[in-house]
Amino acid sequence: MSTSVDIAKKDFAPPASLAGFRNKALIVGIVFAIPSIYGAYMATDQFLRGYLIGYMWCLGMALGGMALLMVGHMTGGNWWMLGRRVFEAAMRTLPFLALLFIPIVLGMTRLYSWMNPEIAAHDPTVAMKVGWLNPHGFIIRAVIYFALWMLWAWKLGSGSDKQDTDASPAIWQKLKVWSATGMLIYAFTITFASVDWVMSMDPNWYSTIYGFIFIANHLLQGFAMATIVLIMLSSVAPMNELMKADKLHDYGKLIFALTMVWGYFSFSQWIIIWAGNLPDEITWYLARIRGAWGVAAILLVALQFALPFVLLLSRDIKRDARKLIPVALLVLFIRLLDNFWLIIPNPTPQQALHALHHPGGVFIPQMTIHWTYIVTPIALIGLWTAVFMWFLAKRPLLVRTEPQLARLWEAGHGH
Amino acid sequence: MTEAPLYGLMAEFDNPTDLVQACKASYAAGYRRMDAYSPYPLEEAADAIGFHKTRVPLVVLCGGILGGTFAYLLQYWINVFSYPLNIGGRPLHSWPAFIVPTFELTILFAGIAAVVGMLGLNGLPQPYHPVFNNPRFSAATKDRFFLCIEAADPQFDRIQTQRFMESFNPRDVSEVAD
């Protein structure tokens, strides 16, 4: 009885159905881009905040893919061999995301109150932070982040392309070195980038675990994305032979683990600030747990932590594609709600200026859901998904020279 | 001397895929009283021989819920009734402060429940098992995969079953004394 799988005879070509998904995503993106562009003129402030919600989501997909790719180069594993080209396709969208960052730079004075010269000069806290929080630094740092991310994406991507035909161990070695250094670079750059792009919207507030919350967000998004895409591809070769219950189980467990990491980091931030109860820290939470924002906060805990946690405790849900897909979709949707909860309650530059002129009191924002908060993220997600699908459809779905590849066809074991 | 009673027949394989296929074929042929042995967990083999679910996860879940509830109520009782202290002007029932011990005791109780539940439900410790009478079986913890069809199976036939097992091309088929 033969047990060896003849890899050479297998066809790893991406299915033609990807073009259909890509076109659908593109249509959604364009249809929602039209009102978004209208919003950019008619309600610029709100449009920019909606844009940031969607942008941070798309960036999370790309960087989450890149981070998991690098983790996998270090650890290996069936999940990684299966999802590698999905992670790489997400990573390859980084130049597109650098392009999409331009509207944020153009609108930065409407997003970040510390860019207002009066606030920078007279707000005592902001005045002390102008060494970091200044418009030039913001742009220079953004260029550095994207340059580093794109350099690593290019190196990891081009090495992977060579591996379709070239089995030489030297490429593996090189990719391992790039991955090990890249994980370090990623941890630093995303910490600084999350401070620059999201945390600084409230320049008085700070939290040192913030960057790690974003790392958890990205890894969670990366796993949820790979789960959905691999299940989607599992109706045809080669994934139809591979996406068996044991592989689904692996992905289910990984989403489960990252759900707990997200809860752990988020709760760590909350309990330290709650226990300290200091005015410059707790106000950030007060703005987010009162009134309608409190409902959003509870939804976040319930839907990003409690519900996936309880559902993924079940072995059956982890091993059934039809049950796992809704959980992964829920995770990706709640990532948007989380971005909404992080970004929108921040004081606008006008509100910050008003607070500067009328000191005292705690800023408690009203929850307003502007229509651009919904259409702009959908437009960005549609366009990003189209670009992602385009990259995914350009290369074989598995790396043929991967020495362990035959293991994927073996009876379920190993993780 | 009478012949030693037979526990079953054991086939030896050198890879997991052959074992899983043998398990599937044996199950399809109607054999039920059999077990597969491998150096590491092999879920497909467990599925192939019709392994039913265990109740260990349920025991663990109950342990976790019990631990979490116990920890929370304990802190509630201490802080609200037994020894109320004003800490930074916070309410006596300050739930965020209770979460960390609640989490820890959930894990502790679930872990203990997993070990106790596993031992209670799988019959361990078991000082004697006939499969160890086969001298080749020691490789089951290293690099060999075994399928044992027990003589107690209603379909078991000393000659027919051996022929059937040899049809899988195993490395070896041998008797296991009871």
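So, how was this worked out
Residue positions are given per chain, counting from 1 as you read along its sequence in written order. For this description, chains carry letters from A and ligands carry numbers from 1, given in the order in which they are written. Totals for whole chains, interfaces and linings use all residues, but because this is a predicted model, local features are given only for residues with pLDDT of at least 70 and pairs of side-chain atoms are given and counted only at 80 or more. Note that the side-chain values use all heavy atoms of the structure and ignore hydrogens as well as water. Helix and strand definitions follow DSSP, with helices as H or I runs of at least four residues and strands as E runs of at least two, each counted in order from the N terminus. For the radius of gyration, the atoms used are the C-alpha atoms, and the globule rule reads 2.2 Å times the number of residues raised to 0.38. With a 1.4 Å probe rolled over the protein chains alone, any residue whose accessible area is under 20% of its type maximum counts as buried; one over 50% counts as exposed, and the rest are partly exposed. Pairs of residues are marked as contacts when any of their non-hydrogen atoms sit within 4.5 Å. We get accessible surface area from the Shrake-Rupley algorithm with a probe of 1.4 Å; when it comes to residues, only the shown protein chains can shield them. Buried area: the accessible surface (1.4 Å probe) lost by two parts on joining, summed over both. For salt bridges, the criterion is a side-chain nitrogen of Lys or Arg within 4 Å of an Asp or Glu carboxyl oxygen. Pairs of N or O atoms within 3.5 Å make up the polar contacts considered here, provided that, within protein, one atom can donate a hydrogen while the other can accept it, and that residues adjacent in sequence are counted only when both atoms are side-chain atoms. Residues are grouped as follows: Ala, Val, Leu, Ile, Met, Phe, Trp, Tyr, Cys and Pro are nonpolar; Asp, Glu, Lys and Arg are charged; all remaining types, including Gly, are polar. Take the number of residues in a helix, subtract one, and multiply by 1.5 Å to get its expected span. All the domain ranges listed were derived from an automatic or database domain assignment. Any two strands are treated as partners once DSSP identifies two or more bridges connecting them. To qualify as a nonpolar core, a set must consist of buried Ala, Val, Leu, Ile, Met, Phe, Trp, Tyr and Cys residues joined through side-chain atoms within 4.5 Å. Put simply, two rings from Phe, Tyr or Trp (the six-membered ring, in Trp's case) pair if the centres are within 6.5 Å, and we call them stacked under 30 degrees between planes, edge-to-face over 60, tilted for the rest. Throughout this description, the term charge over a ring refers to an Arg CZ or Lys NZ atom that lies within 6 Å of the ring centre and within 35 degrees of the ring normal. Lines are fitted to the C-alpha atoms to define the axes, a helix being fitted only along its stretch in contact, and any angle between axes, read from their N-to-C directions, falls within 0 to 180 degrees.

### Considerations on the overall build of chain B
Across its full length, chain B carries five helices and four strands. In sequence order, the secondary structure elements of chain B are arranged as β-α-β-α-α-α-β-α-β. Its C-alpha atoms give chain B a radius of gyration of 25 Å, more than 25% over the compact-globule value 16 Å for 178 residues. C-alpha atoms of chain B, sized along the principal axes, occupy 80 × 35 × 30 Å. Taking all 178 residues of chain B together, 34% fall into the buried category. A separation of at least 24 residues holds for 79% of the contacts in chain B among residues at least 6 apart in sequence. When the accessible surface of chain B is summed, it comes to about 10,600 Å², and 64% of that surface belongs to carbon and sulfur atoms.

### Description of the interface of chain B and chain A
Taken together, the contacts link 23 residues of chain B with 19 residues of chain A. Overall, the association of chain B and chain A removes approximately 1,700 Å² of surface from exposure, summing both partners, and the carbon and sulfur fraction of that is 57%. On the chain B side of the contact with chain A, Glu43(B), Arg90(B) and Pro96(B) bury the most area, a combined 31% of that side's loss. Where chain B packs against chain A, one counts one salt bridge. For Asp47(B), the salt bridge is made with Arg319(A), and the minimal N-O distance between the two is 3.9 Å. Our count for the chain B to chain A interface comes out at one residue pair in polar contact (both at pLDDT 80 or more). Listing elements by their share of the side of chain B that touches chain A, those giving two or more residues are helix H1 (16–28), helix H2 (43–48) and helix H4 (95–122) of chain B. For the side of chain B that touches chain A, the residue count by class is 12 nonpolar, five polar and six charged.

### Observations concerning the environment of Met115(A)
Residues and elements named next belong to chain A. Summarising the element assignment, Met115 is placed in the loop between helix H6 (108–111) and helix H7 (117–122). Sequence separation of Met115 and Leu133 is 18 residues, and the distance between their C-alpha atoms is 7.7 Å. Residue contacts for Met115: discarding those within four places in its chain leaves Met108, Thr109, Pro135 and Phe138.

### Things to note about helix H17 (residues 321–343) of chain A
Under the 1.5 Å per step criterion, the end-to-end length of H17(A) is 33 Å for 23 residues, consistent within 8% with the ideal 33 Å. If you check the start of H17(A), you find a side-chain oxygen 3.0 Å away from the backbone N of Arg322(A), and it comes from Asp320(A).

### Overview of the domain arrangement of chain B
Accessible area lost upon the coming together of the parts is a frequently used measure of interface size. Parsing chain B into structural domains produces domain 1 (6–53 + 127–177) and domain 2 (56–121). On a C-alpha basis, the centroid separation for the pair domain 1 of chain B and domain 2 of chain B is 44 Å.

### Re the pairing of strand S3 (residues 145–150) of chain B
One face of the sheet, then the other: side chains in a regular strand alternate in exactly this way. All names here are of chain B. Among the six residues that make up S3, six are buried, leaving the element largely enclosed by the rest of the structure. Of the two faces of S3, both are covered, the one formed by Phe145, Leu147 and Ile149 as well as the one formed by Phe146, Cys148 and Glu150. Bridge analysis of strand S1 (residues 6–13) against S3 gives six bridges, and the strand direction is antiparallel. Paired with Leu9 across the bridge in S3 is Ile149. By the bridge criterion, four bridges tie strand S2 (residues 34–37) to S3 in an arrangement that is antiparallel. Within S3, the residue paired with Ala36 across the bridge is Leu147.

### What about the nonpolar core?
Counting 129 residues, the largest nonpolar core has Tyr55(A), Tyr112(A) and Trp197(A) as the members making the most contacts within it. Broken down by element, this core gets its largest block of residues, 18 residues, from helix H2 (residues 44–75) of chain A. Non-local contacts of Tyr55(A), meaning those with residues more than four positions away in its chain, are made with Leu97(A), Ala98(A), Leu100(A), Phe101(A), Ile104(A), Phe146(A) and Leu380(A). Counting residues in each nonpolar core, the second largest holds 20 residues, with Leu9(B), Val20(B), Ala22(B) and Met165(B) among its members.

### Observations regarding unusual backbone geometry
Residues and elements named next belong to chain B. Cis geometry is adopted by the peptide bond preceding Pro125, which originates at Leu124 and carries an omega value of -5 degrees. For Pro125, the position within the fold is in the loop between H4 and S3. Located in the positive-phi region is Asn169, a residue other than glycine, with phi close to 55 degrees.

### Things to note about the packing of aromatic side chains
Throughout the structure, instances matching the rule amount to 46 aromatic pairs over all chains. Here the aromatic residues Phe47(A), Tyr51(A), Tyr55(A), Phe101(A), Tyr112(A), Trp114(A), Phe138(A), Tyr145(A), Phe146(A), Trp149(A) and Trp197(A) are joined through ring pairs into a cluster of three or more. For Arg32(B), the ring lying beneath its charged end belongs to Tyr27(B), and the centroid distance is 3.7 Å. Lying across the ring of Trp274(A), Arg90(B) places its NZ or CZ 4.6 Å from the centre.

### Let's talk about the sheet that holds S2(B)
All names here are of chain B. Strand order across the open sheet formed by four strands is S2-S3-S1-S4, with antiparallel pairing between neighbours. Of all the strands in the sheet, the pair left with one neighbour each is S2 and strand S4 (172–177). Strand after strand, the sheet turns through a mean of 20 degrees between neighbouring axes, direction not considered. Those strands touched by H1 are S1, S2 and S3, and its axis lies near 20 degrees from that of S3. Each of S1, S3 and S4 touches helix H5 (residues 158–166); the most contacted strand, S1, lies at about 10 degrees to it.

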